[in-house]
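Listed below are the residues making up each chain.
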Amino acid sequence: MTGPLYIAAYDTESPSCLEALRAIVPVHERHGVPATIYLVARMLDSQQAELVALLRDHPLFEIACHSYTHMLLHDADEFGKAGPPERYPAEIIDSKRRIEDAFGVAVRGFRPPVCSPEGLRIAPEALRLVAQAGYAYVSSIAWGPKWSLPAWLVRPFTYAEQGHPALWELPPCGWHENLLKGNNKVGAVRIGLFPPYMPETMPPGYVKTPEDEFAYNNRPFIDRAIAEAMPQVSLIWHPWSLHRFDPAMRMLEITFRYVRERGLAAGTFGQLQALIAGA
Ligand SMILES: [Zn+2]
């Protein structure tokens, strides 16, 4: 493998994500770029036929789990409080089964709602259920220190220290792009760290164009992942937010062209897990 594996991934979490996916899928098909779709299982309760028609048996897309209802599995600073633990099995185990039944494939990955700077190390009960459910990996470190953004580049590791040596953590990096654009009203005031981790990723205000999004988030992280010989580079994207900001998905076009230009292989989180676990 030459350089980091580039992984496109989508936290797909609300009904408006369906229309967004209809714009996203053709860009992937045009470029032959795979992606991991982290799906909130509740979307299947209202949009199963549409999601299955779009994604089932599609050779480019891995379907993974983003909980059942997007209930938080740990406190998340000012972004919310953990839900009741008696509901964790539904969020972690029933969601997996629900997605597997709809798509006819094994679900191997889990991304918890909102994530944290320490991943599921801060949520031992959730971690235990994730391991019990048979997930091969979680992707749950998506914040920098003290709940800052962007999230730093973090190498994959296993949760052996917590008693789950076969369970991998595969972190994404960069901005939650919705916060970079002001598409959420929460948390924007104190989000940056000073001094910044990467000054080139701190725009003077919310980004206004797909080109700016690429320049302040995607390109610097791809470049740094190459420079640091990271195994992976994956940005934090939400279909609803991408679509609201950039309905033509120009940012995807620019990013996929750049990935090719830098000579990176593209794959899914599931493929990354198989690569490093088998190494
Ligand atoms: Zn989410």
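Refer to the structure above for everything that follows.
Residues numbered from 1 in each chain as written. Predicted model: local features only at pLDDT ≥ 70, side-chain atom pairs only at ≥ 80, totals over all residues. Heavy atoms only, no water.

Side note on the pattern of salt bridges
Counted by the stated rule, this structure contains 15 salt bridges. With a shortest N-O distance of 3.5 Å, E91 and R87 are connected by a salt bridge. On the basis of relative accessible area, E91 is assigned to the buried category, the value being 1%. Taking relative accessible area as the criterion, R87 reaches 37% and is therefore assigned partly exposed. Taking the shortest distance from any N to any O, the salt bridge between K96 and E100 comes out at 3.0 Å. (Salt bridge = Lys/Arg side-chain N within 4 Å of Asp/Glu carboxyl O. Buried < 20%, exposed > 50% of the residue type's maximum accessible area, 1.4 Å probe, protein only.)

Quick look at the coordination of the zinc ion
Coordination of the zinc ion by the protein involves E13 (OE), H66 (NE2) and H70 (NE2), with metal-donor separations of 2.0 to 2.1 Å. The motif formed by the donor residues of the zinc ion, counted along the single chain, is E-x52-H-x3-H. Here E13 is found in the loop between β1 (5-12) and α1 (17-31), whereas its partner H66 is found in the loop between β3 (61-65) and α3 (88-103), with 53 residues between them in sequence. Overall, the relative accessible area of 18% leaves E13 in the buried class. (Donors = N, O, S within 2.8 Å, 3.2 Å for Na, K, Ca; no water. Helix = DSSP H or I, 4+ residues; strand = E, 2+ residues; numbered from the N terminus.)

Brief notes about the packing of aromatic side chains
Throughout the structure, instances matching the rule amount to 12 aromatic pairs. Ring geometry for Y38 versus F269: centroids 5.8 Å apart, planes at 50 degrees, classification tilted. Here F269 lies in helix α9 (residues 269-277) and Y38 lies in strand β2 (residues 35-39), a separation of 231 residues in the sequence. On the basis of relative accessibility, which here comes to 0%, the residue Y38 falls in the buried class. Taking the centre distance of 4.7 Å and the plane angle of 35 degrees together, the rings of F79 and W143 count as tilted. Residue F79 is located in the loop between β3 and α3, and its partner W143 is located in the loop between β5 (137-138) and β6 (157-159); the two are separated by 64 residues in the primary sequence. Members of the aromatic cluster, each reached through a chain of ring pairs, are Y38, Y137 and F269. Stacked on the ring of Y135, the Lys or Arg K96 has its end atom at 5.5 Å from the ring centre. (Phe/Tyr/Trp six-rings, centres within 6.5 Å; stacked < 30°, edge-to-face > 60°. Lys NZ or Arg CZ within 6 Å of the ring centre and 35° of its normal.)

Section: the nonpolar core
Counting 70 residues, the largest nonpolar core has Y6, Y10, I92, W237 and L252 as the members making the most contacts within it. Among the elements that make up this core, the one with the highest residue count is α1 (7 residues). When sequence neighbours within four positions are dropped, the list of residues in contact with I92 reads L73, F110, A126, L129, V130, A133 and Y135. Counting residues in each nonpolar core, the second largest holds 16 residues, with W147, A151, W175 and V207 among its members. (Core = buried A, V, L, I, M, F, W, Y, C linked by side-chain atoms within 4.5 Å. Contact = heavy atoms within 4.5 Å.)

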